[in-house]
Amino acid sequence: MTIRPRSRRAPGLLLLMLPLVFLGLTSCSSIDPRQVDVDLPSDMPEVKETSFDKPLAELGRMTQIYGKRAYIQGKDITDFTGLSTYGYGEIPRDITEMTKSALNAIGGNVVYIPYSPVFINNQMVTGYSNFQGKLIPDVVLSGGITEFDRGLETRGSNTDFGVTTKPFNVNESWVPGDTISLDYNQEDQDSLARITLDFNLLDFQTMSGVARMQTVNTINVYKAVKEKELGFTIFGPTFGLKGTVKKVQGRHAAIRLLVQTSVLQIVGKYLYLPYWKLIPNMKPDPVVLDKIRQDFRNLSQTDKVGEMQTCLYLKGYNVPVTGQLDAQTQSALTSFKQQYAVQGAGDAELYVALWSSLGDNMEQVSYRRELLARALENPSQQAAVAKAPAKKEPAKEVANRAAAPSEKVATRKAADKSSGKKDVPAQRRASSGPAAVASTAPSEIKAAGSVSKESTPVNQDKDRNDIAQVLRSQPVLGNKNSAEAMINERRMAE
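Remember, it's a predicted structure, so these values are computed and weren't measured experimentally. (Residues numbered from 1 in each chain as written. Predicted model: local features only at pLDDT ≥ 70, side-chain atom pairs only at ≥ 80, totals over all residues. Heavy atoms only, no water.)

## As for the overall build of the protein
Phase 1: Within the protein, the secondary structure is distributed over 19 helices and seven strands.
Phase 2: Put simply, the protein has 494 residues, and 40% of those count as buried.
Phase 3: In the protein, once contacts between residues fewer than 6 apart in sequence are set aside, the share between residues at least 24 apart is 72%.
Phase 4: For the protein, the computed accessible surface area is about 29100 Å², with 53% contributed by carbon and sulfur atoms. (Helix = DSSP H or I, 4+ residues; strand = E, 2+ residues; numbered from the N terminus. Buried < 20%, exposed > 50% of the residue type's maximum accessible area, 1.4 Å probe, protein only. Contact = heavy atoms within 4.5 Å. Areas by Shrake-Rupley, 256 points an atom, 1.4 Å probe, with all protein chains shown as cover.)

Structure (structure tokens):
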């Protein structure tokens, strides 16, 4: 019997067949490198939504609940750092349109008046425009991007892992190596940039800054790079997988959030509204709280009680707005203190807690406000709902009006007479609480609303000297059901 030796050519033939098999697979277009292709996604346009769209709209509702209004004009809001031009366009040069969108998104009793002198001049030259019916702003919004710091902080980390087996006893000549190894590498790197936006309010008439009406807000923008690599070595040949991802937070989108936050804050501060209720984890504004405390302390005792009764009624407590601290009002105050854990607070702090709590449930407050407005407009129910007399006019205002030139007083009276307005008593013009509104006849409110629709720049300028117009109770944009300035109307010009 003859024993034939085992053939050692089988592995070599297998290696020769592998390229032939691979070439055969290239007949499929999905594997053939010459037929490489990529599919691009196709997306439809989407509505741009941010986390501050709803708070801006809620601020507009808040202006109606608290009876506030403002005509705001905006100047060009641009980049003051210069990096939008010399920094490869990392931040926008002009954010005026973002500011316009944020102001228009508020609605309610906030009216945005664009700053466009070129358009007005061109319309006047062509004769197509005049100032009839144009609105005169109360304040002007100015500001810009004041800081853009790149690379404030850069962090990096690296992880390496590798393992190699002992040599195997491989006696094949075609095998280039005799070990198996595994290598893993991970590298992370992230950096931080910071953008700051400043806003200021200017009085339109005097073009002077409104004290303490400014905001300085900052947002952090991040950039990160991550890389992973995995490699195998089997008897010489090496196979590997590698992945890299780089993410840059959109700086234009971050600036939009910064603009919306700043607009919400400065408008809420100017109108003395509890706007911090609309932003999660935001602390109360001390400027607004100081103003509310000061206004409350300046009221008479009767008006103080009337303000508290009004807030209690809007919160859902069925108390009459009489200005008298009766048992029903005391019971409602006790219940409110227990619900909101108000302990050991004076009248001013209690009122601030009541006043700011109206922003917790604006749906209910808005409904109760309409009920109160209807009751105040009905002469048969005015005595039952509110009997408090109007507070006396401050002595300072009496002295200022006595020292004013007689020509202005005569001009104002002549304008009021020609426009059909009735002379409003001094006590009623100076009062801004719910008791004063309750004592105002509905016909006077309607008359004031009808006059405002035909206002011109000349008449508006005269109306600014009339306290009754400064504290005007007619709604903005013809919304007769909003009961504008019915509750907590504050002076818009001082």
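## Examining the packing of helix 7 (residues 286–297) against helix 10 (residues 347–357)
Phase 1: Interaxial distance between helix 7 and helix 10 falls to 9 Å at its minimum, and their mutual angle equals 120°. Considered as vectors, helix 7 and helix 10 are oriented oblique to each other. Helix 7 and helix 10 meet at a crossing whose hand is right-handed. Together, Val288, Leu289, Ile292, Arg293, Phe296 and Arg297 of helix 7 and Asp347, Ala348, Glu349, Tyr351, Val352 and Trp355 of helix 10 make up the contact between the two elements.
Phase 2: Residue classes in the contact of helix 7 with helix 10 are distributed as eight nonpolar, no polar and four charged. (Axes fitted to C-alpha atoms, helices over the stretch in contact; angles between N-to-C directions. Parallel < 35°, antiparallel > 145°, perpendicular 65-115°, else oblique. Left-handed = near helix turned anticlockwise from the far one by under 90°. Nonpolar A, V, L, I, M, F, W, Y, C, P; charged D, E, K, R; others polar.)

## Focus: the side chain of Ser357
Phase 1: Residue placement: Ser357 occurs in helix 10.
Phase 2: If sequence neighbours within four positions are ignored, Ser357 has contacts with Lys315, Phe336 and Tyr340.

## Remarks on the environment of Ala70
Phase 1: Here Ala70 shows up in strand 1 (residues 70–74).
Phase 2: Sequence spacing of Ala70 and Val139 is 69 residues, and the spatial spacing of their C-alpha atoms is 8.0 Å.

## Some remarks on helix 8 (residues 301–315)
Phase 1: Taking 1.5 Å of rise per residue, 15 residues should cover 21 Å, and helix 8 covers 21 Å from first to last C-alpha, within 8% of that figure.
Phase 2: Positive phi shows up at Gly316, right after helix 8, with a value of about 115°. (Expected span 1.5 Å × (residues − 1).)

## Comments concerning the nonpolar core
Phase 1: Within the largest apolar cluster, 76 residues are counted, with the highest numbers of intra-cluster contacts made by Leu59, Ile195 and Val267.
Phase 2: Sorting elements by how many residues they give to this core places helix 6 (residues 251–270) first, with nine residues. (Core = buried A, V, L, I, M, F, W, Y, C linked by side-chain atoms within 4.5 Å.)

## Notes on a negative patch on the surface
Phase 1: A surface patch of like charges, here negative, comprises Asp160, Asp183, Glu187 and Glu229.
Phase 2: With respect to the secondary-structure elements, Glu187 resides in strand 5 (residues 180–203).
Phase 3: Its relative accessible area of 36% is what places Glu187 among the partly exposed residues. (Patch = residues over 30% accessible without salt bridge, like charges linked within 9 Å, V, L, I, M, F, W, Y side chains within 5 Å. Salt bridge = Lys/Arg side-chain N within 4 Å of Asp/Glu carboxyl O. Lys, Arg positive; Asp, Glu negative; His and termini not counted. Charge placed at Lys NZ, Arg CZ, Asp CG, Glu CD.)

## Here's the deal with the pairing of strand 3 (residues 110–114)
Phase 1: Burial of strand 3 is extensive: four of the five residues sit out of reach of the surface.
Phase 2: Strand direction decides the pairing type here: strand 1 and strand 3, joined by five bridges, are parallel. In the strand pairing of strand 3, Gln73 is matched with Ile113. (Pairing = 2+ DSSP bridges.)

## Points about the side chain of Ser262
Phase 1: Mapped onto the secondary structure, Ser262 falls in helix 6.
Phase 2: Within the structure, the side chain of Ser262 is placed 2.9 Å from the backbone oxygen of Leu258, a separation counted as a polar contact.
Phase 3: Those residues in contact with Ser262 that lie beyond four places of it in its chain are Leu197, Phe199, Thr215 and Asn217. (Polar contact = N/O pair within 3.5 Å; in protein donor to acceptor, adjacent residues only side chain to side chain.)

## What to know about the packing of aromatic side chains
Phase 1: In total, this model carries four aromatic pairs according to the counting rule given.
Phase 2: Considering the side-chain rings of Tyr66 and Trp355, the 5.4 Å spacing of their centres and the 65° angle between planes classify their relative orientation as edge-to-face. With Tyr66 in the loop between helix 2 (53–65) and strand 1 and Trp355 in helix 10, the pair connects residues that are 289 residues apart, well separated along the chain.
Phase 3: Aromatic pair Tyr275 and Trp276: ring centres 5.6 Å apart, planes at 70°, arrangement edge-to-face. The pair formed by Tyr275 and Trp276 is uniform in burial state, with each residue classed as buried.
Phase 4: Here the guanidinium or amino end of Arg69 rests over the ring plane of Tyr71, the centre of that ring lying 5.0 Å away.
Phase 5: Stacked on the ring of Tyr313, the Lys or Arg Arg368 has its end atom at 4.1 Å from the ring centre. (Phe/Tyr/Trp six-rings, centres within 6.5 Å; stacked < 30°, edge-to-face > 60°. Lys NZ or Arg CZ within 6 Å of the ring centre and 35° of its normal.)

## Some details on unusual backbone geometry
A negative phi angle characterises most non-glycine residues, just as the trans form characterises most peptide bonds.
Phase 1: Its identity is not glycine, yet Met207 carries a phi of approximately 55°, on the positive side.
Phase 2: In the Ramachandran plot, Ala341 falls in the positive-phi region, its phi being about 55° despite a non-glycine side chain.
Phase 3: Relative to the assigned elements, Ala341 resides in the loop between helix 9 (327–340) and helix 10.

## What about the packing of helix 9 against helix 10?
Phase 1: Interaxial distance between helix 9 and helix 10 falls to 11 Å at its minimum, and their mutual angle equals 75°. The orientation of helix 9 with respect to helix 10, classified from their angle, is roughly perpendicular. Contact residues: Leu333, Phe336, Lys337 and Tyr340 in helix 9; Leu350, Ala353, Leu354 and Ser357 in helix 10.
Phase 2: Residue composition of the contact of helix 9 with helix 10, by class: six nonpolar, one polar and one charged.

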